Amino acid sequence: MAPTPTLPARLNLKVDFINVGARNRSGRPLAPTFITIHNTANADRGADALMHARYMKGAEAQQRLVSWHFSVDDQQCVQSLPLHEQGMHAGTGLGNASSIGIEICENAGIDQPAANKRAALLVGALLRRLGLAISHVVPHKHWSGKQCPHLLLDDQDTIKGFLKLVQTELDALPALAALAAAMAPLAASKGRTRAGAKPAVASDADTTPAMAKAPAPTDQLFALDAEGTSRDTVRSAQRISVAAPAGRPKSAGTSKSYVLNARPDTLDFRDTLFVPTLREVPATRPLGQFQKLARQYGVPVLDQGQEGACTGFALATVANYLLGQRIQPCEPVSAHMLYTMARRYDEWEGEAYEGSSARGAIKGWHKHGVCSEKDWSSDGTDNHRLTGELAQAAGRCPLGAYFRVNHKDLVSMHNALAEVGVLYATGIVHEGWQNVDATGRIEMGDTRLGGHAFAIVGYDERGFWLQNSWGPTWGHQGFAHLTYDDWLANATDVWVVRLGVPVQLRTAQGVAAARWSGAVRANAYSFADLRPHIISIGNDGALRPTGTFGNDEEEVRHLLLEEFPKITKDWPRKRLLIYAHGGLVSEDDALQRVAEYRAELLKNEVYPLAIIWRSDFWTTITNLLQDAQRRRRPEGFLGGALDFVLDRLDDFLEPVARSVGGRLLWQEMKENARLATESPQGGLRVTLGYLMDLLHQLGEDVELHLVSHSAGSIMLGPLAQLLTTVGRIPSGPMAGQQGFGRQVASCTFWAPAITTELFLETYAPAIRAGSIARAAVFALHDGVEQDDNCANIYHKSLLYLVSNAFEDAAVRQAFPHDRATPLLGMEKFVSAASKFADLAVVKLIQDKLLELVLAPNIDSRTPATEQSASRHHGDFDDDELTVKATLARILGPGAAKTALLAAAPELSVFRSNEMHLQQIRQDLPAPVRNTR
């Protein structure tokens, strides 16, 4: 009789961990209490478990910050993360911090029932292993509201059948004791395998530091850190108890406790390393020398208190010392502001946890400057937000140059310290820090307790002197001595910085140019002026609290109910413009647009509200096309038949680009855009609630306008449907919701990437009902669209690529690879003369309810509202004729519109600066330009 297959054999379990240090591998601890089920939403052939595991190790997944624990198909399971480590899959910090993520594949040709059964076995094994009940198995929708796993959350309520499968597998599994017994052979073999081959499934006990260890596994099923963990990695925040130095009166300081949660900086090749010079370096830099200067400069010894804000407090010490060199005594900076900004810019964005990294604090200071302690208190009683006034104050203390120092290179550290006088450092604290005597000597210990940040202020032949943030009663008046051996064993990061020069920028064009150039500057003017005009949307459509212009719900309320009334109080006609940029645009490019156009819009009594969402599809598309080109090349060029060759190349590229992840990425980007309104936690859904409060507050004095570019039309579609529908919404993405019945005075689309089907569900009913007035589509002539290119590889516009490769096929043409989905921004799908036209859209145009402007159209005999010089998909937001025509539509009939259209071209304020987007998009080289 054949032996009964083991559990790993039944699952056909493989381990392919995401590399340690990857941006989508957080290293944060996980004590799982839930199991979250997903579907991959990728029906492409070959999109199996192994492909998705490999995808998580690639650049795209790291850029998008996505990861999960297991991928399952009908043939195998692949584990990508240890069970004790958080993934980035649930769409909420709580979901990631409490659940294991399982993605069930749905690729073409899969045996879906077999895949579900294999996933049910995996879930049952995890429940048995973790001691959890089946009620702790939840869909992705449980955390974020996203309709996932969509194959299980169907009309047949398939999720119930899946949970029955899980219960069946759970009942059939052996008890925990039997599984533990099964672990014995592997444990016994560990000593033998160290000298030889690596065991197929490893425990983390071999290589993980004490701080990071998870409970030992009880079976052979799950690998825990097979590739090992750096000793620098500390996965959870710990608390340390610090005793008063021996011989010191109790009144001078009793035992205190502090949080240790400074996280090591991940590898980032953009860091500039400090290079030692040939300047003379003193043999010692005594502590007394620094203390004398610190008293002269007015540098206090700080106490971070109970909050784990050491990165901010340590950097504040550095800033105070540098400020004291300029003006004595210095006005101490806000340690808490530095810590708050550090959490915005940390590597583990969007997660709910305490602590940050040194790089996060450096980024925060570089982006915003730092205000004084009196403006932003660090005593734990304040609840500050980075308002315009605080941003202006912070801009007076900008960060200038900053370099990362190799913390293992003592020569570099001595040189940097001698040059600047203070270093910003992080390291792992051990038990020796708990009982430092009055001389300040730290005895090296063996038990690593957690990460901490501090300032290095001196050195001698034995080690470094550091200034801590645990108050003046710790160590030697708040200072301590760390030996070189201790430092080399436990240090993680060191930075050296210099103050910058405050820069005042007084014009919108100056701000835009400075933002674009990336020059070291004070950002106060740009931040203070742009902040009231930006809503930042992150993953799964939720508000994004991190980043330069991140905001939470309270900031959205402040923006709409306080900033908007204040800025528009003297306007007789208050116009609110909601703008969503396209998928090719990065955050910086979108912010540049707001900076360039804000002043002129406000002058015309139009208040811009820009929806900034992290799409930046351009870089990823370029990588995908390059990969596709390497995989599939044409047979060769055919002399004069160049158009034929380029078209044939595109025919090959489309299915390959689709299969290597383009469709998956596009669908995910679309879903994030739609979830901004469809999800109850969506950022636009939250914004819409406060917009209704604003309209109730100001009555009918507020006009609403919508402008979107490319994929931005998808972002605003559900919003427009919810905003304009009267009564209950019958169909479309917001079906079943109660509409707000509001009027939109104008709606302008620039090369919209929305499908005509979604357009007809969301915008069209309101256009027909008159709830959306002055609707217009700016698009390229089809011939111009076909003369466009993507990264000089695909020789048509992005919309052609999306329609033919990334959307679900709705129109099939003569050739095997030809598939297309009608998009609103493509002439071939909206022109009455085209055989592919969507007749419902054509009727709206013929009835003059929707205006179609085809670019380029620069004939002076054409009305200015119908002119555009755009020749590429990405040009519209950068084209002054298009933007001017759009503003004219927003202004509507009246003197303001007349004055705008009558202005001489040389007086146009919409002229972009010399670094505009068109100049960074490559054109086809002349010898291979498509001249169709």
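Higher on the page you've got the structure.
Residues numbered from 1 in each chain as written. Predicted model: local features only at pLDDT ≥ 70, side-chain atom pairs only at ≥ 80, totals over all residues. Heavy atoms only, no water.

A. Quick peek at the state of the cysteines. Under the definition given, this model contains zero disulfides. Of all cysteine sulfurs, the one in Cys77 lies closest to Cys105, which takes part in no disulfide; the gap is 9.5 Å. Look at Cys105 and you get buried, because its relative accessible area is 0%. (Disulfide = S-S within 2.5 Å. Buried < 20%, exposed > 50% of the residue type's maximum accessible area, 1.4 Å probe, protein only.)

B. Just the pairing of strand E18 (residues 702-709), in detail. When you tally the buried positions in E18, you get eight out of eight residues, the bulk of the element. Residues Val702, Leu704, Leu706 and Ser708 point to one face of E18 and Glu703, His705, Val707 and His709 to the other, with burial holding for every one of them. Sheet topology places strand E16 (residues 574-580) next to E18; seven bridges connect them, and they run parallel. Among the inter-strand pairings, Tyr579 is bridged to a residue of E18, identified as Val707. (Helix = DSSP H or I, 4+ residues; strand = E, 2+ residues; numbered from the N terminus. Pairing = 2+ DSSP bridges.)

C. Spotlight on the packing of aromatic side chains. Overall, the coordinates contain 18 aromatic pairs when judged by the stated rule. Taking the centre distance of 5.3 Å and the plane angle of 90 degrees together, the rings of Phe34 and Trp143 count as edge-to-face. Separated by 109 residues along the polypeptide, Phe34 in strand E2 (residues 34-39) and Trp143 in helix H6 (residues 141-144) bring together distant segments of the chain. For Trp143, a relative accessible area of 12% gives the class buried. Taking 5.1 Å as the distance between ring centres and 90 degrees as the angle between the ring planes, the aromatic pair formed by Phe464 and Tyr484 counts as edge-to-face. Of this pair, Phe464 sits in strand E12 (residues 463-467) while Tyr484 sits in helix H15 (residues 484-490), and the two are 20 residues apart along the sequence. Like Phe464, the residue Tyr484 is buried in the burial classification. Members of the aromatic cluster, joined through ring pairs, are Tyr258, Trp433, Phe454, Phe464, Trp470, Trp474, Tyr484 and Trp487. Over the aromatic face of Phe17 sits the side chain of Arg25, whose NZ or CZ is 5.4 Å from the ring centroid. Sitting above the plane of the Phe836 ring, Lys828 keeps its charged end 4.9 Å from the centroid. (Phe/Tyr/Trp six-rings, centres within 6.5 Å; stacked < 30°, edge-to-face > 60°. Lys NZ or Arg CZ within 6 Å of the ring centre and 35° of its normal.)

D. Representation of the sheet that holds E12 in the model. With antiparallel pairing, six strands are arranged side by side in an open sheet as E9-E14-E10-E11-E12-E13. Edge positions in the sheet fall to strand E9 (399-405) and strand E13 (479-483), since each of these pairs with one other strand and no more. When the angles between neighbouring strand axes are averaged without regard to direction, this sheet yields 40 degrees. With five bridges connecting them, E12 and E13 associate as antiparallel partners. Opposite Trp465, over in E13, you have His481 as the bridge partner. Packed on one face of the sheet, helix H9 (residues 287-297) meets strand E11 (448-459), E12 and E13 and runs near 150 degrees to E13. (Axes fitted to C-alpha atoms, helices over the stretch in contact; angles between N-to-C directions. Contact = heavy atoms within 4.5 Å.)

E. A look at the nonpolar core. In terms of nonpolar packing, the biggest core is built from 115 residues, with Ile240, Trp365, Tyr424, Trp433, Ile456, Trp474 and Trp487 touching the most fellow members. Here this core gets ten residues from one element, more than from any other, and that element is helix H10 (residues 310-326). (Core = buried A, V, L, I, M, F, W, Y, C linked by side-chain atoms within 4.5 Å.)

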